[in-house]
Amino acid sequence: MNIYINDLTVTYDNHPAIHHLTATIAQGEWLGIVGPNGAGKSTLLKAMAGQIEGYEGCIDGLTPESVAYLPQQTQLDTSFPITVFDLVTIGFWQQQGFSTPLSDRQYRQSHNALKVVGLGGFEERLIGTLSGGQLQRSLFARVLLQDQPIILLDEPFNAIDTKTLADLTQVVKQWHQNKRTIIMVTHDLDYVREHCPNVLLLARECVGHGAASDVLSEDNLIRARQVSEAFDGHAAWCPG
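Given the structure is predicted, the values throughout are model-derived calculations rather than measurements.

## So, unusual backbone geometry
Link 1 in the chain: If you check the backbone angles, Lys 179 has positive phi at about 70° while not being a glycine.
Link 2 in the chain: Its location among the elements puts Lys 179 in the loop between helix 6 (162-177) and strand 7 (181-185).
Link 3 in the chain: Here Arg 204, not a glycine, exhibits a phi torsion of approximately 70°, which is positive.
Link 4 in the chain: Within the secondary structure layout, Arg 204 lies in the loop between strand 8 (198-203) and strand 9 (205-211).

Below, the structure is given as C-alpha coordinates:
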(Lines give C-alpha, C1' and ligand atoms only; values in the text may rest on other atoms or scores of the structure.)
Protein backbone atom coordinates (compact mmCIF):
# COMPACT_ATOMS: atom_id res chain seq x y z
CA MET A 1 0.00 0.00 0.00
CA ASN A 2 0.99 3.65 -0.22
CA ILE A 3 2.87 5.38 2.59
CA TYR A 4 1.23 8.52 3.95
CA ILE A 5 3.28 11.04 5.92
CA ASN A 6 0.93 13.59 7.45
CA ASP A 7 2.12 16.78 9.19
CA LEU A 8 5.20 15.01 10.58
CA THR A 9 7.36 16.99 13.00
CA VAL A 10 10.37 15.41 14.72
CA THR A 11 12.20 17.53 17.27
CA TYR A 12 15.50 17.35 19.13
CA ASP A 13 15.83 19.61 22.17
CA ASN A 14 12.57 21.30 21.14
CA HIS A 15 13.92 22.24 17.70
CA PRO A 16 12.62 20.60 14.53
CA ALA A 17 14.73 18.14 12.57
CA ILE A 18 11.64 17.65 10.39
CA HIS A 19 9.00 20.36 10.30
CA HIS A 20 5.35 19.70 9.33
CA LEU A 21 6.20 17.31 6.49
CA THR A 22 3.34 15.90 4.43
CA ALA A 23 3.97 13.53 1.53
CA THR A 24 2.55 10.42 -0.15
CA ILE A 25 4.91 7.70 -1.36
CA ALA A 26 3.27 5.32 -3.82
CA GLN A 27 3.61 1.57 -3.50
CA GLY A 28 6.49 0.37 -5.66
CA GLU A 29 8.01 3.86 -5.94
CA TRP A 30 11.79 4.42 -6.02
CA LEU A 31 12.19 7.68 -4.14
CA GLY A 32 15.43 9.55 -3.61
CA ILE A 33 15.54 11.80 -0.54
CA VAL A 34 18.04 14.61 -0.95
CA GLY A 35 18.87 17.88 0.76
CA PRO A 36 21.64 19.78 2.55
CA ASN A 37 23.48 18.40 5.58
CA GLY A 38 21.22 18.55 8.61
CA ALA A 39 18.08 18.60 6.47
CA GLY A 40 16.43 15.73 8.38
CA LYS A 41 16.93 13.02 5.76
CA SER A 42 18.30 10.30 8.06
CA THR A 43 15.87 11.35 10.78
CA LEU A 44 12.98 10.74 8.41
CA LEU A 45 14.23 7.24 7.61
CA LYS A 46 14.67 6.42 11.29
CA ALA A 47 11.11 7.56 12.01
CA MET A 48 9.82 5.38 9.17
CA ALA A 49 11.87 2.42 10.45
CA GLY A 50 10.34 2.78 13.91
CA GLN A 51 13.61 3.84 15.53
CA ILE A 52 12.24 7.26 16.54
CA GLU A 53 9.05 7.56 18.53
CA GLY A 54 7.25 10.47 20.13
CA TYR A 55 7.02 12.57 16.99
CA GLU A 56 4.02 14.69 16.07
CA GLY A 57 1.83 13.87 13.09
CA CYS A 58 1.65 10.37 11.69
CA ILE A 59 3.15 7.88 9.25
CA ASP A 60 0.64 5.41 7.84
CA GLY A 61 1.05 2.48 5.46
CA LEU A 62 4.01 0.79 7.09
CA THR A 63 5.07 -0.92 10.28
CA PRO A 64 8.58 -1.81 11.50
CA GLU A 65 7.76 -5.41 10.57
CA SER A 66 7.23 -4.46 6.90
CA VAL A 67 10.50 -2.55 6.55
CA ALA A 68 14.06 -3.55 5.71
CA TYR A 69 16.34 -0.76 6.94
CA LEU A 70 19.95 -0.27 5.92
CA PRO A 71 21.56 2.41 8.12
CA GLN A 72 24.75 4.28 7.36
CA GLN A 73 27.93 2.23 7.73
CA THR A 74 29.12 4.55 10.50
CA GLN A 75 26.43 3.06 12.76
CA LEU A 76 28.00 -0.41 12.50
CA ASP A 77 30.75 -1.43 14.94
CA THR A 78 33.16 -3.27 12.65
CA SER A 79 35.42 -4.16 15.58
CA PHE A 80 32.81 -6.63 16.84
CA PRO A 81 34.09 -10.15 16.02
CA ILE A 82 31.29 -11.34 13.76
CA THR A 83 31.64 -13.14 10.44
CA VAL A 84 30.11 -12.00 7.18
CA PHE A 85 27.77 -15.00 7.24
CA ASP A 86 26.53 -14.22 10.75
CA LEU A 87 26.04 -10.55 9.87
CA VAL A 88 23.99 -11.44 6.82
CA THR A 89 21.78 -13.98 8.62
CA ILE A 90 20.66 -11.29 11.07
CA GLY A 91 18.26 -10.57 8.21
CA PHE A 92 16.16 -13.50 9.43
CA TRP A 93 15.66 -12.23 12.99
CA GLN A 94 12.19 -10.78 12.35
CA GLN A 95 11.02 -14.22 11.22
CA GLN A 96 12.47 -16.31 14.04
CA GLY A 97 14.39 -14.29 16.60
CA PHE A 98 18.02 -14.88 17.46
CA SER A 99 17.76 -18.17 19.34
CA THR A 100 16.26 -20.43 16.67
CA PRO A 101 18.82 -22.26 14.48
CA LEU A 102 18.77 -21.63 10.74
CA SER A 103 16.96 -24.15 8.58
CA ASP A 104 18.63 -25.80 5.59
CA ARG A 105 16.57 -23.53 3.35
CA GLN A 106 17.78 -20.43 5.20
CA TYR A 107 21.40 -21.57 4.88
CA ARG A 108 20.91 -21.86 1.13
CA GLN A 109 19.22 -18.47 0.97
CA SER A 110 22.09 -16.89 2.90
CA HIS A 111 24.77 -18.32 0.63
CA ASN A 112 22.76 -17.30 -2.43
CA ALA A 113 22.31 -13.73 -1.12
CA LEU A 114 26.08 -13.43 -0.74
CA LYS A 115 26.57 -14.68 -4.30
CA VAL A 116 24.02 -12.15 -5.58
CA VAL A 117 26.01 -9.26 -4.09
CA GLY A 118 29.36 -10.68 -5.23
CA LEU A 119 30.60 -12.04 -1.88
CA GLY A 120 30.47 -15.78 -2.50
CA GLY A 121 33.33 -17.34 -0.51
CA PHE A 122 33.46 -14.52 2.07
CA GLU A 123 31.23 -16.30 4.60
CA GLU A 124 33.91 -16.84 7.26
CA ARG A 125 35.65 -13.48 6.91
CA LEU A 126 35.38 -11.17 9.91
CA ILE A 127 33.59 -7.95 9.03
CA GLY A 128 36.51 -5.92 10.36
CA THR A 129 38.69 -7.24 7.54
CA LEU A 130 36.36 -6.04 4.77
CA SER A 131 36.79 -2.99 2.59
CA GLY A 132 34.03 -0.38 2.62
CA GLY A 133 32.59 -1.76 -0.60
CA GLN A 134 32.66 -5.36 0.65
CA LEU A 135 30.97 -4.37 3.89
CA GLN A 136 28.22 -2.57 1.98
CA ARG A 137 27.71 -5.64 -0.20
CA SER A 138 27.24 -7.74 2.94
CA LEU A 139 24.67 -5.26 4.31
CA PHE A 140 22.76 -5.46 1.04
CA ALA A 141 22.77 -9.25 1.36
CA ARG A 142 21.22 -8.87 4.80
CA VAL A 143 18.47 -6.69 3.32
CA LEU A 144 17.86 -9.36 0.68
CA LEU A 145 17.18 -11.90 3.43
CA GLN A 146 14.81 -9.54 5.23
CA ASP A 147 12.60 -9.81 2.14
CA GLN A 148 10.32 -6.88 2.98
CA PRO A 149 8.05 -4.83 0.70
CA ILE A 150 9.54 -1.50 1.89
CA ILE A 151 13.29 -0.89 1.76
CA LEU A 152 14.92 2.10 3.47
CA LEU A 153 18.51 2.86 2.43
CA ASP A 154 20.53 5.55 4.22
CA GLU A 155 23.49 6.70 2.09
CA PRO A 156 23.90 3.21 0.60
CA PHE A 157 26.60 4.26 -1.88
CA ASN A 158 28.76 6.49 0.28
CA ALA A 159 32.52 5.92 -0.10
CA ILE A 160 32.36 2.76 -2.21
CA ASP A 161 34.17 1.88 -5.42
CA THR A 162 32.67 2.21 -8.88
CA LYS A 163 32.27 -1.56 -9.39
CA THR A 164 30.38 -1.95 -6.11
CA LEU A 165 28.18 1.02 -6.99
CA ALA A 166 27.25 -0.56 -10.32
CA ASP A 167 26.61 -4.01 -8.82
CA LEU A 168 24.46 -2.76 -5.94
CA THR A 169 22.52 -0.46 -8.25
CA GLN A 170 21.51 -3.58 -10.16
CA VAL A 171 20.22 -5.08 -6.89
CA VAL A 172 18.14 -1.95 -6.25
CA LYS A 173 16.80 -2.03 -9.82
CA GLN A 174 15.72 -5.64 -9.30
CA TRP A 175 13.84 -4.63 -6.16
CA HIS A 176 12.17 -1.85 -8.11
CA GLN A 177 11.16 -4.22 -10.89
CA ASN A 178 9.63 -6.50 -8.23
CA LYS A 179 7.40 -3.58 -7.10
CA ARG A 180 9.08 -3.05 -3.75
CA THR A 181 9.00 0.47 -2.37
CA ILE A 182 12.53 1.89 -2.18
CA ILE A 183 13.29 5.04 -0.21
CA MET A 184 16.91 6.09 -0.52
CA VAL A 185 18.73 8.92 1.24
CA THR A 186 21.71 10.14 -0.74
CA HIS A 187 23.81 13.26 -1.27
CA ASP A 188 24.65 12.27 -4.86
CA LEU A 189 22.38 14.38 -7.06
CA ASP A 190 23.89 12.99 -10.27
CA TYR A 191 22.99 9.47 -9.15
CA VAL A 192 19.44 10.56 -8.31
CA ARG A 193 18.99 12.27 -11.67
CA GLU A 194 20.14 9.14 -13.48
CA HIS A 195 18.35 6.46 -11.48
CA CYS A 196 15.57 7.71 -9.16
CA PRO A 197 12.26 8.42 -10.89
CA ASN A 198 11.00 10.54 -7.99
CA VAL A 199 12.63 12.83 -5.45
CA LEU A 200 11.82 14.43 -2.12
CA LEU A 201 13.94 17.54 -1.58
CA LEU A 202 14.09 18.11 2.15
CA ALA A 203 15.38 21.03 4.21
CA ARG A 204 13.59 20.07 7.43
CA GLU A 205 10.46 20.99 5.47
CA CYS A 206 9.47 19.81 2.01
CA VAL A 207 11.01 21.98 -0.69
CA GLY A 208 9.87 19.79 -3.56
CA HIS A 209 8.40 16.33 -4.16
CA GLY A 210 7.82 14.72 -7.53
CA ALA A 211 9.70 13.85 -10.70
CA ALA A 212 13.44 14.29 -10.34
CA SER A 213 13.63 16.51 -13.43
CA ASP A 214 11.12 18.92 -11.89
CA VAL A 215 12.24 18.90 -8.25
CA LEU A 216 15.99 19.24 -8.76
CA SER A 217 15.82 22.64 -10.35
CA GLU A 218 18.44 25.24 -9.55
CA ASP A 219 15.83 27.41 -7.83
CA ASN A 220 14.72 24.57 -5.55
CA LEU A 221 18.29 23.62 -4.66
CA ILE A 222 19.09 27.24 -3.77
CA ARG A 223 15.93 27.47 -1.67
CA ALA A 224 16.78 24.25 0.17
CA ARG A 225 20.22 25.56 0.99
CA GLN A 226 18.83 28.89 2.20
CA VAL A 227 16.24 27.21 4.42
CA SER A 228 18.88 24.93 5.90
CA GLU A 229 21.35 27.75 6.54
CA ALA A 230 18.62 29.84 8.19
CA PHE A 231 18.31 27.37 11.10
CA ASP A 232 18.37 29.16 14.46
CA GLY A 233 19.43 26.93 17.33
CA HIS A 234 18.08 29.47 19.83
CA ALA A 235 14.66 29.90 18.22
CA ALA A 236 11.54 29.47 20.31
CA TRP A 237 9.87 26.07 20.46
CA CYS A 238 7.46 25.44 17.58
CA PRO A 239 3.98 24.87 19.11
CA GLY A 240 2.60 23.20 15.95
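Further notes follow.
## Focus on the packing of helix 5 (residues 132-146) against helix 6
Link 1 in the chain: In the contact formed by helix 5 and helix 6, the axes pass within 10 Å of each other and the chain directions differ by 10°. One finds that helix 5 runs roughly parallel with respect to helix 6. From helix 5, Gly 133, Gln 136, Arg 137, Phe 140, Val 143 and Leu 144 reach across to helix 6, where they touch Lys 163, Thr 164, Asp 167, Leu 168, Val 171, Val 172 and Trp 175.

## Quick notes on helix 4 (residues 104-116)
Link 1 in the chain: The terminal C-alpha atoms of helix 4, which comprises 13 residues, lie 18 Å apart, in line with the 18 Å expected from a rise of 1.5 Å per residue.
Link 2 in the chain: Here helix 4 has its buried residues at Gln 106, Ser 110, Ala 113 and Leu 114. Down the axis of helix 4, the smallest arc covering the buried residues is 95°, so these residues share one side. Seen from the buried face of helix 4, the exposed residues on the opposite side, beyond 90 degrees, are Asp 104, Arg 105, Arg 108 and Lys 115.
Link 3 in the chain: Considering only its buried residues, helix 4 is in contact with helix 2 (84-89), helix 3 (93-96) and helix 5.
Link 4 in the chain: In the stretch just after helix 4, Gly 118 is the one whose phi turns positive, near 85°.

## Quick word on the packing of helix 4 against helix 5
Link 1 in the chain: For the pair helix 4 and helix 5, the least separation of the axes is 9 Å and the interaxial angle reads 135°. One finds that helix 4 runs oblique with respect to helix 5. Here the hand of the crossing between helix 4 and helix 5 comes out right-handed. Touching Gln 109, Ser 110, Ala 113, Leu 114 and Val 116 of helix 4 are Ala 141, Leu 144 and Leu 145, all from helix 5.

## A few points about the nonpolar core
Link 1 in the chain: Phe 140, Leu 153, Phe 157, Val 172, Trp 175 and Met 184 are the most contacted members of the largest nonpolar core, which totals 46 residues.
Link 2 in the chain: With six residues, the single largest contributor to this core is helix 5.
Link 3 in the chain: Taken domain by domain, the makeup of this core includes at least three residues from each of domain 1 (1-60 + 149-158 + 180-239) and domain 2 (66-146).
Link 4 in the chain: When near neighbours in sequence (up to four residues on either side) are disregarded, Phe 157 contacts Gln 136, Phe 140, Leu 165, Leu 168, Thr 169, Val 172, Met 184 and Tyr 191.
Link 5 in the chain: Listed in part, the 25 residues of the second largest apolar core include Ile 3, Tyr 69, Ile 183 and Leu 200.

## Comments concerning the domain arrangement of the protein chain
Link 1 in the chain: By domain assignment, the protein chain separates into domain 1 (1-60 + 149-158 + 180-239) and domain 2 (66-146).
Link 2 in the chain: Facing 15 residues of domain 1, the contacting portion of domain 2 comprises eleven residues.
Link 3 in the chain: On the domain 1 side of the interface with domain 2, the three residues burying the most area are Ile 150, Leu 152 and Asp 154, jointly 37% of the side's total.
Link 4 in the chain: For the pair domain 1 and domain 2, the interface holds zero salt bridges.
Link 5 in the chain: Our enumeration of links across domain 1 and domain 2 arrives at eight residue pairs in polar contact (both at pLDDT 80 or more).
Link 6 in the chain: Contributions of two or more residues to the side of domain 1 that touches domain 2 are made by helix 1 (41-48) and strand 6 (150-154).

## Some details on the sheet that holds strand 7
Link 1 in the chain: Read across the open sheet, the six strands follow the order 5-6-7-3-8-9; overall the sheet is mixed. Where the open sheet ends on each side, the last strands, each with one partner, are strand 5 (67-70) and strand 9. Taking each pair of neighbouring strands and ignoring which way they run, the sheet shows an average axis angle of 15°.
Link 2 in the chain: With five bridges connecting them, strand 6 and strand 7 associate as parallel partners.

## Re helix 6
Link 1 in the chain: The terminal C-alpha atoms of helix 6 lie 23 Å apart, and with 16 residues this matches the ideal 22 Å at 1.5 Å per residue to within 8%.
Link 2 in the chain: What helix 6 keeps buried is the set Thr 164, Leu 168, Thr 169, Val 171, Val 172 and Trp 175. In a view along the axis of helix 6, the buried residues occupy a sector of 160°, so they form one face of it. Residues of helix 6 that are exposed and point more than 90 degrees away from the buried face comprise Thr 162, Lys 163 and Gln 177.
Link 3 in the chain: Of the surrounding secondary structure, the elements contacted by the buried residues of helix 6 are strand 3 (30-34), helix 4, helix 5, strand 6, strand 7 and helix 7 (189-195).

About the thresholds
Residues numbered from 1 in each chain as written. Predicted model: local features only at pLDDT ≥ 70, side-chain atom pairs only at ≥ 80, totals over all residues. Heavy atoms only, no water. Helix = DSSP H or I, 4+ residues; strand = E, 2+ residues; numbered from the N terminus. Axes fitted to C-alpha atoms, helices over the stretch in contact; angles between N-to-C directions. Parallel < 35°, antiparallel > 145°, perpendicular 65-115°, else oblique. Contact = heavy atoms within 4.5 Å. Expected span 1.5 Å × (residues − 1). Buried < 20%, exposed > 50% of the residue type's maximum accessible area, 1.4 Å probe, protein only. Arc of directions from axis to C-beta. Left-handed = near helix turned anticlockwise from the far one by under 90°. Core = buried A, V, L, I, M, F, W, Y, C linked by side-chain atoms within 4.5 Å. Domains from an automatic or database assignment. Buried area = accessible area lost by both parts, 1.4 Å probe. Salt bridge = Lys/Arg side-chain N within 4 Å of Asp/Glu carboxyl O. Polar contact = N/O pair within 3.5 Å; in protein donor to acceptor, adjacent residues only side chain to side chain. Pairing = 2+ DSSP bridges.

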